Amino acid sequence: MIAVILCGGKGARLWPLSRETRPKPFFRLPDGQTLLEKAYARASFLPDVERVVTVANAEYYFLCAEEYEKTASRFEHDFLLEPCGRNTGPAIAAALLEAGRRFGDDAVMTVLPSDHLILDGDAFQGAVSLAKTQAERDRVVVFGIAPTGPETGYGYIEHDGDDVVRFVEKPDREKAAEYLASGRFLWNSGMFCFKAGVLREEYGLHASGIIDAVEACFAGADRRRVSVGTVSGEAVLFRDDEYASLPAESIDYAVMEKSRRLAVVPCSLGWSDLGSWPAWFALAGADASGNRILDVEGGNANESGDALVIDSANCDLGLGGRLAVLLGVEGLTIVDTPDAVLVADTKAIDGVKDIAAHLARLGHDAGVRHRAERRPWGERTLLGAGTHFRVCRLDVKPGAEIPEKLHCRRSEHWVVVQGRAEVVRDGDAFVLAADESAYIAQGRRHVVRNIGDAPLVLIEIQSGGDLEDDDTVVFGDDWPGGQILP
């Protein structure tokens, strides 16, 4: 069996913590693990799995690799890297074509989203075993979650025993209650199991345009061996122009709703897609007044001392490292991050999904990215900016380097505040220790390496007429792309 992990998303429903450059799979839960780390562990520990393939946005490649390093695995790590998201229809088509090419049409595949929480691992393994049996009989299997309430945020599957009767879009509360009372409906989990060749046939019948276009994308893709830390394997990077032209359709709409080969495995897994702030705060215990407090960087903050709650009730508070005080308020959701704060009436919290679009219309990039952004070499944090200057903190991992580059319209001044750096400027190498600095004039090639055993911390001061990342020429092989390296 081949396990496929889907890692993408726009990060809209959990703004401001979730952004397009770091969506929900990379959040840390109260136990300190990310959703992606948990998904990979679930997939790699399935008894029959022989390979794990991740379909992800190219910008998430190194982020995925960092999460996978945390799990001792017997696998190499294969990646299909999308230059842009085109929904699950093209993503799953790419995975089945790759699995069919490498392992044959009889390879059984289990598709798992990277941003779901499953609390009952034994029940999950049992459900996958049942699904595999059905898939070996040439059925296309969907995992249906036994509903625990009239949830309006999920799609539903009507079933008759093992057979799928129909898919239903997200209902209103009255209709959801009706579904729950009938006993014939399950939540659609977005998890599937099938033979590569069988689903390929279903695409041919119902979505031939998608499967043919994805197959054409493979012909122009860049395929090579890759490695980040201890994570190595084979990766495919699709071309921007070809992949962007694919239809942006879900697997449900493109294939599942039309297939006559469907079977369902009903299961109770302690499952949630954590697709809203109320679902996220449900992970925290409430105090006597119904207030729930979480550290947005991971951890249950009820006892952390970072929140002071006075005469307030039924509030959800996400702490971002600063003291937060609630005084005389009720029914609010508040999420604090270093560069944005959300304050919402909890009854209106579903409107969060539209905030990123509002910010985009205003020309504000807080709907897309954080001030602190992960890089293959570490992290860059924007500390401040003006018309002709920008100040950043660069945290470089031990042994890592910021690739060689130059800027045509700006200069940089680096100050080492922690660790030891080797700087190469136009071919001349020198070492900087704490409290020492270097000036990089515009047009000069430069690279910096952390030559110590501890993190290297630099303050970078940029000045000039163009401070955007498009004023960067990167030298050498920066695959999988300038989109992840400034």
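Just so it is clear, the structure is predicted and the values come from calculations on it, not from any experiment.

This brings us to the overall build of the protein chain. A count of helical and extended segments in the protein chain gives 11 helices and 30 strands. Whereas a compact globule of 486 residues would reach a radius of gyration of roughly 23 Å, the protein chain reaches 24 Å, a difference of no more than 12%. The buried share of the protein chain, taken over its 486 residues, is 51%. Residue pairs at least 24 apart in sequence account for 69% of intrachain contacts in the protein chain once pairs closer than 6 positions are excluded.

All right, on to the pairing of strand β18 (residues 332-337) then. Most of β18 is tucked away: 6 of the 6 residues are buried. In the sheet, strand β16 (residues 316-319) pairs with β18 via 3 bridges, with the strands oriented parallel. What sits directly across from Leu317, in β18, is Ile334.

Before going further, it helps to examine helix α3 (residues 88-103). Taking 1.5 Å of rise per residue, the 16 residues of α3 would be expected to cover 22 Å, and the 22 Å separating its terminal C-alpha atoms lies within 8% of that figure. Of all the positions in α3, only Gly89, Pro90, Ala91, Ile92, Ala93, Ala94, Ala95, Leu96, Leu97, Glu98, Ala99 and Gly100 are classed as buried. Positive backbone phi, at 95°, marks Gly104, one or two positions downstream of α3.

The next point concerns the sheet that holds strand β27 (residues 437-440). Read across the open sheet, the 6 strands follow the order β20-β21-β22-β29-β24-β27; overall the sheet is antiparallel. With partners counted over all chains shown, the strands left at the sheet margins are β20 (372-375) and β27, one partner each. Taking the axes of each pair of neighbouring strands and ignoring which way they run, one obtains an average angle of 20° across the sheet. Relative to β27, strand β24 (residues 410-418) runs antiparallel, the two being bridged by 4 bridges. Residue Glu412 lies in a different strand from β27, and its bridge partner there is Ile440.

For the rest of this paragraph, the subject is the sheet that holds β18. Ordered in space as β14-β16-β18-β19, the 4 strands form an open sheet in which the pairing is mixed. The strands lining the two open edges of the sheet, one partner per strand, are β14 (292-295) and β19 (340-345). The mean angle between the axes of side-by-side strands here comes to 10°, regardless of whether they run parallel or antiparallel. For β18 and β19, the ladder comprises 6 bridges, and the chain directions are antiparallel. By the bridge assignment, Thr333 is partnered in β19 with Ala344.

It is worth spelling out the nonpolar core at this point. Cys64 and Leu269 are the most contacted members of the largest nonpolar core, which has 53 residues in total. The element best represented in this core is helix α2 (residues 61-68), accounting for 6 residues. Discounting chain neighbours no more than four positions away, the residues touching Cys64 are Cys7, Phe26, Leu36, Thr54, Ala56 and Phe79.

The next subject is the environment of Asn87. Position of Asn87 among the secondary structure elements: in the loop between β3 (77-82) and α3. Judged by relative accessible area, Asn87 falls into the partly exposed class, the value being 39%. Placed 227 residues apart in sequence, Asn87 and Asn314 show a C-alpha to C-alpha distance of 36 Å. At 3.4 Å, the side chain of Asn87 forms a polar contact with the side chain of Thr88.

What counts and how
Residues numbered from 1 in each chain as written. Predicted model: local features only at pLDDT ≥ 70, side-chain atom pairs only at ≥ 80, totals over all residues. Heavy atoms only, no water. Helix = DSSP H or I, 4+ residues; strand = E, 2+ residues; numbered from the N terminus. Rg over C-alpha atoms; globule rule 2.2 N^0.38 Å. Buried < 20%, exposed > 50% of the residue type's maximum accessible area, 1.4 Å probe, protein only. Contact = heavy atoms within 4.5 Å. Pairing = 2+ DSSP bridges. Expected span 1.5 Å × (residues − 1). Axes fitted to C-alpha atoms, helices over the stretch in contact; angles between N-to-C directions. Core = buried A, V, L, I, M, F, W, Y, C linked by side-chain atoms within 4.5 Å. Polar contact = N/O pair within 3.5 Å; in protein donor to acceptor, adjacent residues only side chain to side chain.

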